[in-house]
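For reference, the chains in residue letters:
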Amino acid sequence: MRKLIVQHVSKQFGGLRALNDVSFETENEILGLIGPNGAGKTTLFNVISGFLKPTAGEVHYNGQSLHRYRPHRIVALGLARTFQIVKPFGDLTVLDNVLSGYGMPLYRRPKAFFRRYHTPVTERAADEILALTDLTEYRDALAESLPIGVQRRLEIARALATQPDFLLLDEPAAGLTAHEAESLAELIRTLHARGKSIIVIEHNMAFAMNLCQRILVLAQGELIAQGAPADIQSNEQVINVYLGKR
Amino acid sequence: MSGYVISVAIFVGIWVTLALSLNILTGYAGQVSLGHAAFFGIGAYASAVMAVRYGQPFWVDFIAAIIITGVVGTILGLPSLRVRHDFLVLATMGINFVVVALFKYVDFFGGAMGLVNIPAPSFFGATFRGGTPYLILVWLYVLFVWAVSWYISKSWVGLAFNAIRLDEDAAAAVGIGAARFKIYAFGISAALAGGAGSLYAHFIGSVFPDTFVFVESIAILSMVVFGGMGTLRGPIVGAIILKAAPEFLRFVQDYRFTIYGALLVLMMLFQPMGLLGDDSWLWQQLKRWFGRKSAPPKVSEEVTP
Ligand SMILES: Nc1ncnc2c1ncn2[C@@H]1O[C@H](COP(=O)(O)OP(=O)(O)O)[C@@H](O)[C@H]1O
Ligand SMILES: [Mg+2]
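What you are looking at is a predicted structure, and each value in this text was computed from that prediction instead of being measured.

**Q** Summarise the site of ligand 1; cite the residues concerned and give the values.
**A** All names here are of chain A. As a matter of local geometry, ligand 1 sits amid Phe13, Leu16, Ala18, Pro36, Asn37, Gly38, Ala39, Gly40, Lys41, Thr42 and Thr43. Separating an oxygen atom of ligand 1 from a side-chain N or O atom of Thr42 is a distance of 2.8 Å. Between an oxygen atom of ligand 1 and a side-chain N or O atom of Thr43, the distance comes to 2.5 Å. Across the complex, the protein chains shield 60% of the 560 Å² of accessible surface that ligand 1 would expose by itself. Of all the elements in the fold, those that place two or more residues in the shell around ligand 1 are strand 2 (16-26) and helix 1 (41-48). With three residues, helix 1 is the largest single contributor of residues to the shell around ligand 1. For the shell around ligand 1, a count of residues per class yields five nonpolar, five polar and one charged.

**Q** Outline the interface of chain A and chain B, listing residues and values.
**A** At the interface, 40 residues of chain A touch 35 residues of chain B. Between chain A and chain B the total buried area reaches about 3300 Å² when both faces are included, carbon and sulfur atoms providing 69% of it. Looking only at chain A, the three residues that lose the most surface to chain B are Tyr107, Phe113 and Tyr117 of chain A, adding up to 24% of its buried area. Put simply, chain A and chain B have two salt bridges between them. The residue Asp91 of chain A makes a salt bridge to Arg165 of chain B at a minimum N-O spacing of 3.8 Å.

**Q** Got a sec to walk through the sheet that holds strand 10 (residues 222-227) of chain A? Specific residues and values, please.
**A** All names here are of chain A. Taken in spatial order, the six strands make up an open sheet running 6-7-8-3-9-10, and their pairing is mixed. This sheet does not close on itself; its edge strands, each paired only once, are strand 6 (79-81) and strand 10. Adjacent strand axes in the sheet meet at a mean angle of 15°, parallel and antiparallel pairs treated alike. Here four bridges tie strand 3 (residues 30-34) to strand 9 (residues 214-219), and the two strands are oriented parallel to one another. Bridge pairing links Leu31 to Arg214 in strand 9. Sheet strands in contact with helix 1 are strand 3, strand 6, strand 7 (166-170), strand 8 (197-201) and strand 9, and its direction is about 150° off that of strand 7.

**Q** Summarise helix 1 (residues 3-28) of chain B; cite the residues concerned and give the values.
**A** Residues and elements named next belong to chain B. End to end, helix 1 covers 36 Å across 26 residues, agreeing with the expected 38 Å (1.5 Å per residue, within 8%). Along its length, helix 1 reaches its greatest deviation from straightness, about 35°, at Leu22. Gly30 sits one or two residues past helix 1 and shows a positive phi near 75°.

**Q** I'd like to hear about the pattern of salt bridges, residue by residue, with values.
**A** Taken as a whole and assessed by the stated rule, the structure comprises 14 salt bridges over all chains. Residue Asp210 of chain B is joined to Lys104 of chain B by a salt bridge in which the shortest nitrogen-to-oxygen separation is 3.4 Å. One end of the pair, Asp210 of chain B, is in the loop between helix 8 (178-204) and helix 9 (214-227); the other, Lys104 of chain B, is in helix 4 (residues 85-105), and 106 residues separate them in sequence. Salt bridges sharing common partners tie together Glu123, Asp127, Arg139 and Asp140 of chain A.

**Q** Provide a residue-level description of the packing of aromatic side chains, including the pertinent values.
**A** Describing an aromatic ring pair means giving the distance of the ring centres and the angle of the ring planes. Considering all chains together, one arrives at 32 aromatic pairs over all chains under this definition. Their ring planes at 55° and their centres at 5.9 Å tell us that Tyr117 of chain A and Trp156 of chain B sit as a pair that is tilted. Of the two residues, Tyr117 of chain A sits in the loop between helix 4 (111-114) and helix 5 (120-132) while Trp156 of chain B sits in helix 6 (residues 156-166), which places them in two different chains. For the pair shown, Tyr117 of chain A and Trp156 of chain B are each scored as buried. Judged by centre distance (6.3 Å) and plane angle (75°), the ring pair of Phe103 of chain B and Phe212 of chain B falls under edge-to-face. One end of the pair, Phe103 of chain B, is in helix 4; the other, Phe212 of chain B, is in the loop between helix 8 and helix 9, with 109 residues separating them in the sequence. Relative accessible area serves as the criterion here: at 5%, Phe103 of chain B is assigned to the buried category. Look at Phe212 of chain B and you get buried, because its relative accessible area is 0%. Pairwise contacts between aromatic rings join Phe11, Trp15, Phe40, Tyr45, Phe103, Phe108, Phe109, Tyr134, Tyr200, Phe203 and Phe212 of chain B into one cluster. The side chain of Lys87 of chain A reaches across the aromatic face of Phe83 of chain A, ending 5.3 Å from its centre.

**Q** How would you explain the coordination of the magnesium ion (ligand 2) if you had to name every residue and give the values?
**A** Residue and element names in this part refer to chain A. At this site the magnesium ion (ligand 2) is bound by Thr42 (OG1) and Gln84 (OE1), with donor distances of 2.0 to 2.1 Å. Taken together, the positions of Thr42 in helix 1 and Gln84 in the loop between strand 6 and helix 3 (94-102) put the pair 42 residues apart, joining distant regions of the chain. For Thr42, a relative accessible area of 25% gives the class partly exposed. Here Gln84 falls in the partly exposed class, since its relative accessible area comes to 28%.

**Q** How would you summarise the sheet that holds strand 2 of chain A if you had to cite specific residues and measurements?
**A** All names here are of chain A. If you trace the four strands from one edge of the open sheet to the other, you get 2-1-4-5, paired in antiparallel fashion. Strands with a single pairing partner mark the edges of an open sheet, and in this sheet they are strand 2 and strand 5 (64-65). Sheet topology places strand 1 (residues 4-13) next to strand 2; seven bridges connect them, and they run antiparallel. Looking at strand 2, one finds that Lys11 is bridged to Leu19. Contacting strand 1, strand 2 and strand 4 (56-61), helix 1 runs over the sheet at an angle of about 65° to strand 2.

**Q** Describe the layout of surface pockets, listing the residues and the values that go with them.
**A** Reported here for the second largest pocket is a volume of approximately 470 Å³. Taken together, 16 residues make up the lining of the second largest pocket; nearest its centre are Arg70 and Pro71 of chain A together with Glu168, Ala178 and Ala179 of chain B. When contributions to the lining of the second largest pocket are tallied by element, the ones reaching two or more residues are helix 2 (71-76) of chain A together with helix 7 (168-173) and helix 8 of chain B. Residues belonging to the lining of the second largest pocket are distributed by class as follows: seven nonpolar, three polar and six charged.

**Q** Quick rundown of the environment of Val145 of chain B? Include the residues and the values.
**A** Residues and elements named next belong to chain B. Topologically, Val145 is positioned in helix 5 (residues 131-154). On the basis of relative accessible area, Val145 is assigned to the buried category, the value being 0%. The spacing of Val145 and Leu192 is 47 residues in sequence and 7.0 Å in space, taken between C-alpha atoms. Once you skip the residues sitting within four places of it in the chain, Val145 turns out to touch Thr17, Leu20, Ser21 and Leu192.

**Q** I'd like a rundown of empty space enclosed by the protein, residues and numbers included.
**A** Residues and elements named next belong to chain A. One pass over the structure, following the stated rule, counts five cavities of 30 Å³ or more. Val47, Ile48, Gly50, Leu52, Lys53, Pro54, Gly57, Glu58, Val59, Leu66, His67 and Ile74 together form the lining of the largest cavity. Among the secondary structure elements, those contributing two or more residues to the lining of the largest cavity are helix 1 and strand 4. The element best represented in the lining of the largest cavity is strand 4, accounting for three residues. Of the residues that constitute the lining of the largest cavity, the class distribution is seven nonpolar, three polar and two charged.

Basis of the calculations
Residues numbered from 1 in each chain as written. Chains lettered and ligands numbered in written order. Predicted model: local features only at pLDDT ≥ 70, side-chain atom pairs only at ≥ 80, totals over all residues. Heavy atoms only, no water. Near = heavy atom within 4 Å. Polar contact = N/O pair within 3.5 Å; in protein donor to acceptor, adjacent residues only side chain to side chain. Areas by Shrake-Rupley, 256 points an atom, 1.4 Å probe, with all protein chains shown as cover. Helix = DSSP H or I, 4+ residues; strand = E, 2+ residues; numbered from the N terminus. Nonpolar A, V, L, I, M, F, W, Y, C, P; charged D, E, K, R; others polar. Contact = heavy atoms within 4.5 Å. Buried area = accessible area lost by both parts, 1.4 Å probe. Salt bridge = Lys/Arg side-chain N within 4 Å of Asp/Glu carboxyl O. Pairing = 2+ DSSP bridges. Axes fitted to C-alpha atoms, helices over the stretch in contact; angles between N-to-C directions. Expected span 1.5 Å × (residues − 1). Bend = angle between axes of the 7 residues up to and from the residue. Phe/Tyr/Trp six-rings, centres within 6.5 Å; stacked < 30°, edge-to-face > 60°. Buried < 20%, exposed > 50% of the residue type's maximum accessible area, 1.4 Å probe, protein only. Lys NZ or Arg CZ within 6 Å of the ring centre and 35° of its normal. Donors = N, O, S within 2.8 Å, 3.2 Å for Na, K, Ca; no water. 1 Å grid on protein atoms, 1.4 Å probe; cavity = no way out; pocket = protein on both sides within 12 Å on 5 of 7 lines; lining within 4 Å. Points joined across faces, edges and corners; volume = space filled by probe spheres on them.

So this is what it looks like as structure tokens:
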């Protein structure tokens, strides 16, 4: 179970077809999603996570259609995402950002009124996630004051705090140093080893090839190739796209 | 204390609860409202109607005012879910005008002549209009509204309010549906303002539409912004200063609303966090004098290798 199925998804923005009949399935893997700028990668994430309704097609998760679900309900199903343009709660501390994710199961219940969000139990849970994402030293800093690389990790930490089974990471390595990128890859492998399925959008071909078990290539809204990293690397069409001949 | 000072302290207490209640909607949840006086008025009129038309005692009027205003506030908050931020300001303004018009033109509400002869509250057989017992009652309500505000700020709902104020998309990504929490904020904020309205109606003994007009909404918002939106101390201090000053400085009284408006603009320009907001000059000074722990450290200066 916990299979994500994207079926014939298209998304039209006025005259622009950002996604064109995209179909794939994924389950229990680190799946890479690559493609040039404007290929439709983020749009695909927006459709899966409910932020955009597809013009055509459907997304199924865990055996059920996500058609009628709004974003805050999709997280509750165990499908969490990060944003390419990071969206930390700037005025809140790193700890409170993580706690905001940890509270996910409570927000729709009356308990949310009566329970305090700072308790030894909640803080311990958040601290574990901070340790895992290497954010412990920033715990009490305001999110807006952090360097971009740290904000990207916070973005992941907050998504992780919702305890998802499935993680959608939108260019988590963008703007990171080589060293930071390597520890990010390590973190993603750890998460996968702990049973999470992951789709990661990545610009850097080498990074994706190294990290992912399978790769999807989007170009101008179309899924032009999918397969093992080695096959993708030698795929004519992919090479053309990346050399800009298309 | 002279009767006059007691009266002023009663008014100030009522306006402190108005500022604190608006602060939940605007300071916590980020929904700027220019219609808070409407909820104040609905509470006052609900109370007056219960007392004058149905002969109910003070406690019944008071509880009814809180419930009725909370329900109406929740319903009036619904359209605001569909409008963008800047239009919310207009929508709440519109609500204020409509509510005042209803008070004015519906006979049941007494029309322009208002509702008069609201009986003085009585407790344990003793009847009183104003005076020290009423002052205590009003400030007990201040304590209650303060406690509610404080508790919310510590609860998961408070964290969710922060989240939708700061970024609705990010909030959705952690399971916080903005609509639900906007409605909560409208409902709670309105209910608490309704209690203030009831206390006002029973203190004055009559209600008139003109008390609850749009400029009063601006006055209440000024108190919140002036003191420091989103904090607990800010709206309290803002309401005390801006409500008490005109009472003691006669010349200010006539230009009250002009001064409120000017203050609002000046604050937005020079101290957007308000007099006592977390980053405000005055609050930083106070913290230094009293040696309190400073705000969370900023680390943006750090150089990443
Ligand atoms: N909300 C939107 N409205 C209109 N056009 C959009 C919107 N979002 C994305 N697009 C367009 O859709 C295309 C795909 O964008 P995007 O999914 O962000 O690409 P990628 O993430 O692969 O770089 C781009 O041409 C972009 O300009
Ligand atoms: Mg993108």
